[in-house]
Amino acid sequence: MQGLLAHQQCSDCPIRHRAVCARCETDELAQMEQIKYYRSYQAGQTIIWSGDRMEFVGSVVTGIATLAQTMEDGRRQMVGLLLPSDFVGRPGRDTAAFDVTATTDVMMCCFRKKPFEAMMAATPHIAQRLLEMTLDELDAAREWMLLLGRKTAREKIASLIAIIARREAALQVRRAKGMLTVDLPLTREEMADYLGLTLETVSRQISALKKDGVIIVEGNRHVSIPDLDRLLEEAGDDNDGGMLV
């Protein structure tokens, strides 16, 4: 995979229309080609440790990673998911604020940090897109506060599945009609930790959604969604974009 991507042009990238380079013109993409490189990580591998010096920034191309923070007493809390097209790192900040861990095998398109910062300062298209992504991330954090504080256990599980499903659909420029199929990136134990639920509650609610025909589950992680709008209703969200994506 890495060998194939190493020679891939930005214009052919699977996350091109959602990534930080989404608004770039041809000449700007050519400049980005000069400072990019690809790195792969195996499931379970740490991509960045909190406090480490950041030598690169970049986008998740394939796979899913988690953001987590460890407290002084050793307790660890998952605080976010990084899905394909999400940006890793913050220009202008020297060190990482969170641990970033590959949940599945992950491929990242990385940019050397200093050249990227210089290019961002000189290229309004990059700065504008990064601002849009940052505001989307802020909206997502606020939605997540609502989810953790007010939603029922069933709504929490439906919301998490919907987050992943809608991002999968968004990455397909032309969404296919019919059933949407996704692989959940988290174990049920991790889902429980992320959502503030018990393992038993997670398993019970997944079974209930399956029984009611909202989802079809194969194995532990393979989920098919016959009707995305119905899943959004179960999540307590509308179908016009009012969802964490």
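It should be noted that the structure appears before, not after, this text.
This structure is a prediction, so every number in the text was calculated from the model and none was measured.

1. Quick notes on the overall build of the protein chain
Now for step 1: Within the protein chain one finds 8 helices and 11 strands.
Now for step 2: Looking at the protein chain alone, contacts between residues at least 24 apart form 72% of all its contacts between residues at least 6 apart.
Now for step 3: Carbon and sulfur atoms form 49% of the exposed surface of the protein chain, whose accessible area is close to 12,700 Å².

2. Observations regarding the packing of helix α3 (residues 113-122) against helix α4 (residues 124-150)
Now for step 1: Contact geometry of α3 with α4 gives a least axis separation of 5 Å together with a crossing angle of 100 degrees. Judged by the inter-axis angle, α3 sits roughly perpendicular to α4. Every residue of α4 that contacts α3 at Phe116, Met119, Met120 and Ala122 is listed here: Pro124, Ile126, Ala127 and Leu130.
Now for step 2: Considered class by class, the residues forming the contact of α3 with α4 number 8 nonpolar, no polar and no charged.

3. Quick notes on the packing of helix α6 (residues 188-195) against helix α7 (residues 199-211)
Now for step 1: Two elements in contact, α6 and α7, have axes whose closest approach is 8 Å; the angle formed by their N-to-C orientations is 105 degrees. Looking at the two axes, α6 sits roughly perpendicular to α7. Side by side, α6 and α7 meet where Arg188, Glu189, Met191 and Ala192 of the first sit next to Leu199, Val202, Ser203 and Ile206 of the second.
Now for step 2: Here the contact of α6 with α7 is composed, by residue class, of 5 nonpolar, 1 polar and 2 charged.

4. Quick look at empty space enclosed by the protein
Now for step 1: For the coordinates displayed, the defined rule picks out 1 cavity of 30 Å³ or more.
Now for step 2: Looking at the largest cavity, its volume works out to about 80 Å³.
Now for step 3: At the level of secondary structure, the elements contributing two or more residues to the lining of the largest cavity comprise β1 (36-41) and β8 (106-112).
Now for step 4: Grouping the constituent residues of the lining of the largest cavity by class yields 8 nonpolar, 1 polar and 1 charged.

5. Quick look at the sheet that holds strand β7 (residues 99-102)
Now for step 1: Read across the sheet, 4 strands follow the order β2-β7-β4-β5 without closing on themselves; strand pairing throughout is antiparallel. The two strands at the open ends of the sheet, each matched to only one other strand, are β2 (46-48) and β5 (76-82). When the angles between neighbouring strand axes are averaged without regard to direction, this sheet yields 35 degrees.

6. Topic: the packing of aromatic side chains
Now for step 1: Under the definition given, this model contains 2 aromatic pairs.
Now for step 2: The rings of Phe87, Phe111 and Phe116 are connected pair by pair, giving a single aromatic cluster.

Rules of the game
Residues numbered from 1 in each chain as written. Predicted model: local features only at pLDDT ≥ 70, side-chain atom pairs only at ≥ 80, totals over all residues. Heavy atoms only, no water. Helix = DSSP H or I, 4+ residues; strand = E, 2+ residues; numbered from the N terminus. Contact = heavy atoms within 4.5 Å. Areas by Shrake-Rupley, 256 points an atom, 1.4 Å probe, with all protein chains shown as cover. Axes fitted to C-alpha atoms, helices over the stretch in contact; angles between N-to-C directions. Parallel < 35°, antiparallel > 145°, perpendicular 65-115°, else oblique. Nonpolar A, V, L, I, M, F, W, Y, C, P; charged D, E, K, R; others polar. 1 Å grid on protein atoms, 1.4 Å probe; cavity = no way out; pocket = protein on both sides within 12 Å on 5 of 7 lines; lining within 4 Å. Points joined across faces, edges and corners; volume = space filled by probe spheres on them. Pairing = 2+ DSSP bridges. Phe/Tyr/Trp six-rings, centres within 6.5 Å; stacked < 30°, edge-to-face > 60°.

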